[in-house]
Amino acid sequence: MSEKKAIGRRSDYHYFAPISTRWSDNDIYGHVNNVIYYSYFDSVANHFLIHEGDLDIHNGNIIGLVVNSCCSYHKALAYPEKLQGAMRVNRLGNSSVEYGLAIFREGDDEAAAEGHFVHVFVDRHSRKPTPIPDNLRTALQGIL
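Quick caveat: nothing in here was measured; it's all calculated off a predicted structure.

A. Just the overall build of the protein, in detail. The helix and strand inventory of the protein stands at 2 helices and 5 strands. Secondary structure elements of the protein occur, N-terminal to C-terminal, as β-α-β-β-β-β-α. Computed over the C-alpha atoms, the radius of gyration of the protein is 16 Å, within 12% of the 15 Å expected from 2.2 N^0.38 for a compact globule of 144 residues. If one aligns the C-alpha atoms of the protein with their principal axes, the spans along those axes are about 45 × 35 × 30 Å. Out of the 144 residues in the protein, the part that is buried amounts to 42%. The contacts of the protein with a sequence gap of at least 6 include a subset with a gap of at least 24, amounting to 72%. Surface accessibility of the protein: about 8,100 Å² in total, with carbon and sulfur atoms responsible for 50%. For the protein, the distance from the average position of its 14 positive side-chain charges to the average position of its 17 negative side-chain charges is 3 Å.

What counts, and at which threshold
- Residues numbered from 1 in each chain as written.
- Predicted model: local features only at pLDDT ≥ 70, side-chain atom pairs only at ≥ 80, totals over all residues.
- Heavy atoms only, no water.
- Helix = DSSP H or I, 4+ residues; strand = E, 2+ residues; numbered from the N terminus.
- Rg over C-alpha atoms; globule rule 2.2 N^0.38 Å.
- Buried < 20%, exposed > 50% of the residue type's maximum accessible area, 1.4 Å probe, protein only.
- Contact = heavy atoms within 4.5 Å.
- Areas by Shrake-Rupley, 256 points an atom, 1.4 Å probe, with all protein chains shown as cover.
- Lys, Arg positive; Asp, Glu negative; His and termini not counted.
- Charge placed at Lys NZ, Arg CZ, Asp CG, Glu CD.

Have a look at this one:
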């Protein structure tokens, strides 16, 4: 039997973004549906890439494609709670990055959910991996 991993805390993460829950996030059981957490993760990562890394998602030559993701759920959340998404960089490669991500209920120190995304940066047209641009790499190194 494997050892249970400790639940992540705010101090484990370096970047935070607010998340607004929506009525449609709740499922029939009255809590945020599991698939919505992936949307939250994606929103936090893209908020960082756009606002801190200057990634031009509409017209830039480079885009990030998610090639791997996971999520562990610790606490149920429900609309209309106020949440914060958190992010750090777990691993930074030449053309890829693994983000550590978490969702926190406003005021809680322990994560309600944690997971990761792996982005591979590719040329928008050829879809071939390309090195992470210097300005984006610098921003990502800041939360490594």
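Once the structure has been displayed, the description carries forward.
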